[in-house]
Amino acid sequence: MIAEPNSAVNLPNHKENGIHEESVPESTAQNGNCLRNGSIKSFQGKRKIYEQCENRRRNSSSRRRSYQPHNGDVVEAVTLFEVVSMGKRAMQFVVDDWVEAYKKDRDVALLDLINFFIQCSGCQGMVTAEMFQSFQNCDVMQKMTETFDEETGLQYKKFMAYPWILTVTWPVDMDNEDYPLIRPGSYWKKFKANFCEFTEVLIQQCQCSILCDSYLLDTIISLLTGLADSTVRAFRHTSTLAAMKLLTALVNLNLSLDASKRNLERLYEVEKNRTAGKRTNSRLDQLEKKRKEYEQKPLEIENMMNAIFKGIFLQRYRDVIPEIRAICIEEMGSWMKIYPRTFLNDSYLKYIGWMLYDKQPEVRLKCLHGLQGIYDQKKLVSKMDLFNSRFKDRIMSMTLDKDHEVAVQAMKLLVLMSQNCEDSLSSEDCETLYQFVYTTHRPLAVAAGELLYRRLIVQEIEMEALSKSNGKLEPIASQLKTLIMFFLESELHSHVTYLVDSLWDWSMSLLKDWECMTSLLLENADNQKEALSDAQESALIEIILATVREAAEGHPPVGRGGTKKILSAKEKKIQVEDSIKITEHFTVVLPQLLAKYSEDAERVTNLLQIPQYFDLELYGTGSLEKHLDALLREVKAIVMDHCDMDVLEACSRLYCIFCSEELPTHNKVVVARTELADELVDKLNQLLDTFLKEGEGLCAEEEGINCIYTTLRRITVFHNAHDLSKWNLYDKMSELLVFEVEHSCLPAQIILPALQCAYFALLWQLDSVAKKLPSKENLFVLKTRLRHYSHVCACYFSHSNRDVREKAFMVLCDFLMIVSHQDTSDDGTLGLLEYFPSMTLQSKMLLFIQDHIFTEEKDKGKELAEEEDRKNEDQTLDILHTKRGLLAAYCKLIIYNVIGMTAASEIYKHYMKAYNDFGDIIKETLSRTRHNDKIQSAKTLILCLQQLFQKLVESQGCGSGSSTDTFSASFNNIKELARRFSLTFGWDQVKTRESVAMIHKEGIEFAFQGAAGMEGKCLPPNLNFLTILSEFSNKLLKPDKRLVYSYLLRYEPDPALSKGDSWNSLVSYKTSLLASEEEESSAASSLNEWPPVSDAKTPFKRKFSEGSLHKSNHTETTNRTSDICYSAQLPSLAPRSRKRLKSHNSSLQEYPPLLAPANLRRKNSCQVVIKVEEVPSEDADVDVVGAD
């Protein structure tokens, strides 16, 4: 089969089939794929050869099917490459057609097969061949020549595939990154599968006829060996894949021949015994002849296998391309599994062992997959002793591989090694691998869970002699005890959910046996050795809670697995059944467990979390109501006995779950909750009446204070989740807080829950107002309470106790965030509740941040110095965490406009000093405020720098900023802070041009503040501030730099007077704006007719004309007018009256101006025309409009 030079095939992405009609080296032929004799050089000879080849091609391809694309045109699949790539025919029929053509004319068919491999490499050139003529021709005998022909501009490869001398020619710019095997898409993925299938089927169909003719495979192997040694990646990749699949097919063929040979020998023995007394037997002679053929054929096949292995595998398993290395290792793994007699030995295993250290995860993964196929069969493991001793440590280390899939497969391989090769893993190795059940990557944890379950839990139980005292529960109980011991020895008690999740797929029946688990907790073992210890009981309760959660929710715990998986119908059914089973069992058992462990806070907390996974609809059946009463009694007793926060929150959550109005338990649980609240509030009132007396303060001992504290804490926790407004708790808490403000006699442990309880009471009142609209009088009373509570919290900012100060500040921040964003109803009544902090309150909050976050108190420093020995790192981190929470809460108020943005300037001052602790919070605040209001955010930044500069001037005692030491460390710190601020604007100068321009405008005005009337006789007070301002110059666009420079010239005095070292700040700032003298003169010429500068201040208001910023892409502005305006206001420059200035600057075409002193319009002239109009209004704005 020979391809026609210009085929009619017109399929997409098949350009490699085409043959370029270009000038080629002498060794090539113009027909592209023709068989030629080396002595034929005339045009007539070439034409004759071409016609012969064409006739043969037509005859050989007559049986091929046509392909009809969607447009209806019938396209004939001419070449073998096209037939395989289309994949429209069964590969067996394709190979049969080729074998038939080979039998008719093996030269033409073989050349078509050679061309097939070349085209599969994506080669867009030509393939020619000539017959080998002389063994004495050493030049022709060279294995390979790959060079570049300068005359034709083509690259060609000439090598020998006996009896052919092949020449492959292709353009020198052949894309090494684009050939069929690596092209994306389903089409090329299918092509790769077809290519591999074709190679395997070719061996299968030729095994009985032409496989061992000493011609076909010798030529193919020579071809693939020559291509595999090429410097072109496409040739190496394609030929290596074909060769490895070819070797795999030969291995399968050899295996089948071995089976046939064994069958033949048995048949021969049977026949021989049956005809023992006869002299001759034709049947026996035939079998003998056939047996000799079977003995000879495997030898020939093994020779072919050795030729491929030595000629291609040994060269390419170390290829620089990881895909090629992966192909070699993948196929070797299959050889060892299929034909272990030949390949499963140390001489071949070493290659897989070496490639375990490959840098590419793809190659390491293929090694592991190959080894898994070997270790999965016990009969093969006996040959792996030397490999285990040499590479076991490497496999162990691969469980920590940076590629997750490699780590998972390494763990699975170790599981197989543990099962089928008992001595391969020591107990120390297993203990190391068991800890992977706690990893966050779930597939790796599940694989480790399989090892833990099979090696530790099940295997040890099987080795023990199980007693039958408790029947079927004894094995499960032993397994549970083993699991508990492992959990306790791991010392990772907070990770029990990870442990359960890792074992869930392998020991689901064990982990769902809640009957056995609870029986272990409730039984009274006669033998103390069999009884669980306290630690084991606590661990078992944690495991019970984790298993209940896993069964009810059906997805991995937080931190493992990412998004929740979508459950199938079968999984949902199992989940519902498990939920019913949990409800029915624990409804009966849970009250007993709570009664037994009521004194242990940790165990009770875990047990009280189980009811949230109940199917509460089952309580409507009636059979579970008596158990509900028992549960409520136990919970009430726990509330009255415990003051631990976790226990109380768990009880409160349980009441909240059972109080849902849709559930049948609603009425009964609401009654129980009301009784509990009445009892707690009555007890609190009695305690306060007894111990809290006007004028005497708190007259109570430590026991009385503790009673008040515990009762108040219980009420606070329940008020968080339940509306207790009818008990009027806010008035009680308010009286208590005001009493402390006036007398300062209450301990901190009473003040903290009182602050929190009053906060919850106000939130519940706001919630009730949102649900049903009250009268305006009630709204006024509520707003009065809001203001009063804010004032009380502010009073506690100066409390002597640190926890009280921080609690008051945090509660106030959350409270202000809620009350300042109340939605307004249709009649406007809810708008009365909207409350913003006063300036006094804002000042107190800012002072608190300065004193408690960024400034260390002196006495606190002494205290820390005294207690330094007994304070550990954890306490320091807790303090830092608390400070970060306080700062974040305050910054949130700034971001949401509850507090003025200018307050952020005090925080920005500490951006560098406190960057390690609070830098991320400050940076996020800066980003959010800039998103809300770019101009105001820019003003806040420049205000921060101005305040630091003024503070520096005062600290140096200069009296004037112009005499500030610019080389001092403090000045450099301010300059570095300005540089950090400029970096926050990013690289999009168009997006941030307004903000940057505002910074320069405010900075220039501040630098020359108070310079009016001096007429250059003395320096402006804050002139050195321009050095700090220059850090923002690189964020200006080039047109904006000119405008800022023009604006600067309006303040600058006579150039003759502004000389000397004292004016260096001005010079450096001007240099940062305009680098060349031409730009300076151009910008200065625009102010020849400008009026003098006045120091009168006017409000700065930005205005935007209708339109948008000018863009260079004119296709986007076809529906707009040619003049697109953009405006920004500047202060008046006239000494007595304000003017409206209009001008034009033709140099600003790419971007509209921001700080231009007039309306700029494009004209043909480059001169500046200034028109002055009187504006009678004193508050009139100066608009700067830039024309496109």
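Quantities reported herein were computed from a predicted structural model and do not represent experimental measurements.

A. Highlighting the overall build of the protein. If you tally the helices and strands in the protein, you get 45 helices and 13 strands. Out of the 1188 residues belonging to the protein, those deemed buried represent 52%. A fraction of 73% describes how many contacts in the protein between residues 6 or more apart in sequence connect residues 24 or more apart.

B. Looking closely at the environment of A326. On the secondary structure map, A326 appears in helix α10 (residues 322-338). Separated by 39 residues in sequence, A326 and L365 place their C-alpha atoms 8.4 Å apart. Not counting residues within four places of it along the chain, the set of residues in contact with A326 comprises E362, V363 and K366.

C. How the structure looks around the pattern of salt bridges. In this structure the tally under the stated criterion is 34 salt bridges. Note that K512 is salt-bridged to D578, the shortest N-O span being 2.7 Å. Here D578 lies in helix α24 (residues 569-596) and K512 lies in the loop between α21 (508-511) and α22 (514-522), a separation of 66 residues in the sequence. Looking at D578, the relative accessible area reads 9%, which means it is buried. Where E553 meets R549, a salt bridge forms, and the shortest distance between an N and an O atom there is 2.6 Å. You can see E553 and its partner R549 sitting in helix α23 (residues 534-553), four residues apart, about one turn around the helix. For R549, a relative accessible area of 11% gives the class buried.

D. A look at helix α30 (residues 729-743). Taking 1.5 Å per residue as the helical rise, α30 with its 15 residues ought to reach 21 Å, and the 21 Å between its terminal C-alpha atoms agrees with that figure. Taken from the residues just after α30, S744 is the one with a positive phi, measuring 55°.

E. Geometry of the packing of helix α26 (residues 625-641) against helix α28 (residues 666-691). Closest axis-to-axis distance for the α26/α28 pair is 11 Å, and the angle between their directions is 20°. Classified by the interaxial angle, the pair formed by α26 and α28 is roughly parallel. Regarding α26 and α28, the two cross each other, and that crossing is right-handed. For the pair α26 and α28, contact is made by E625, L628, D629, L632, K636, V639 and M640 and by K668, V669, A672, E675, L676, E679 and L680, respectively.

F. Region of interest: the side chain of Q946. Of note, Q946 is situated in helix α39 (residues 934-956). Judged by relative accessible area, which is 13%, Q946 ranks as buried.

G. The packing of aromatic side chains, seen in detail. According to the stated counting rule, one finds 40 aromatic pairs in the structure shown. Note on F309 and Y351: the rings are 6.0 Å apart at their centroids and 70° apart in plane angle, and the pair reads as edge-to-face. Of this pair, F309 sits in helix α9 (residues 282-316) while Y351 sits in helix α12 (residues 346-355), placing them 42 residues apart in sequence. The same class applies to F309 and to Y351, which are both buried. With 5.8 Å between their ring centres and 75° between their planes, Y619 and F658 make a pair best called edge-to-face. Here F658 lies in helix α27 (residues 645-658) and Y619 lies in the loop between α25 (601-608) and α26, a separation of 39 residues in the sequence. When sorted by exposure, Y619 lands in the same class as F658, which is buried. Three or more aromatic residues link up through ring pairs in this structure, and these residues are F81, F116, F117, Y187, W188, F191, F195 and F198. In this arrangement the basic side chain of R560 is found over the ring face of Y498, its NZ or CZ atom lying 4.5 Å from the centre.

H. Structural context of α24. Given a rise of 1.5 Å per residue, 28 residues ought to cover 40 Å, and the 39 Å separating the end C-alpha atoms of α24 matches this to within 8%. At F586, α24 shows its largest kink, close to 45°. Of the positions making up α24, those classed as buried are D578, S579, I582, T583, H585, F586, T587, V589, L590, P591, L593 and L594. Looking at the buried side of α24, the elements it contacts are α22, α23, α25 and α26.

I. Examining the environment of K261 more closely. Within the element layout of this structure, K261 appears in helix α8 (residues 233-274). Apart from the residues lying within four places of it in its own chain, the contact partners of K261 are Y294 and E295.

J. Region of interest: unusual backbone geometry. A positive phi is found at N728, a non-glycine position, where the angle reads about 55°. One can find N728 in the loop between α29 (702-721) and α30. Residue classification places N728 among the partly exposed residues on the basis of a relative accessible area of 33%. Its identity is not glycine, yet S744 carries a phi of approximately 55°, on the positive side. By the secondary structure assignment, S744 is in the loop between α30 and α31 (748-771).

K. The nonpolar core, seen in detail. Residues L113 and M845 are the most contacted members of the largest nonpolar core, which totals 321 residues. For this core, the leading source of residues is α8, giving 15 residues. Ignoring anything within four residues of it in the chain, the contact list for L113 reads L80, W98, F198, L202, L216 and I220.

L. Main features of the packing of α23 against α25. Two elements in contact, α23 and α25, have axes separated by 9 Å at closest approach and are oriented at 20°. When the interaxial angle is binned, α23 and α25 end up roughly parallel. The two elements α23 and α25 cross, and the hand of that crossing is left-handed. Along the contact surface, α23 presents D534, E537, S538, I541, E542 and L545, while α25 presents E602, R603, N606 and L607.

M. Looking closely at the confidence of the model for the protein. Looking at the protein, the pLDDT average stands at 78 and 73% of residues meet or exceed 70. Here strand β13 (residues 1183-1185) is the element of the protein with the lowest mean pLDDT, 30, and helix α13 (residues 361-375) is the one with the highest, 96. Taken as a whole, residues 857-862 scores under 50 in pLDDT and shows five contacts with residues more than four places along the chain or in a different chain. Low confidence marks residues 1086-1188, where pLDDT is under 50. Its contacts with residues over four positions away, or in another chain, come to 198 contacts.

N. Examining the environment of I321 more closely. For I321, the position within the fold is in the loop between α9 and α10. We classify I321 as buried; its relative accessible area is 13%. Spatially, the C-alpha atoms of I321 and H237 are 8.4 Å apart, while their sequence positions differ by 84 residues.

What counts as what
Residues numbered from 1 in each chain as written. Predicted model: local features only at pLDDT ≥ 70, side-chain atom pairs only at ≥ 80, totals over all residues. Heavy atoms only, no water. Helix = DSSP H or I, 4+ residues; strand = E, 2+ residues; numbered from the N terminus. Buried < 20%, exposed > 50% of the residue type's maximum accessible area, 1.4 Å probe, protein only. Contact = heavy atoms within 4.5 Å. Salt bridge = Lys/Arg side-chain N within 4 Å of Asp/Glu carboxyl O. Expected span 1.5 Å × (residues − 1). Axes fitted to C-alpha atoms, helices over the stretch in contact; angles between N-to-C directions. Parallel < 35°, antiparallel > 145°, perpendicular 65-115°, else oblique. Left-handed = near helix turned anticlockwise from the far one by under 90°. Phe/Tyr/Trp six-rings, centres within 6.5 Å; stacked < 30°, edge-to-face > 60°. Lys NZ or Arg CZ within 6 Å of the ring centre and 35° of its normal. Bend = angle between axes of the 7 residues up to and from the residue. Core = buried A, V, L, I, M, F, W, Y, C linked by side-chain atoms within 4.5 Å. pLDDT = per-residue confidence, 0-100.

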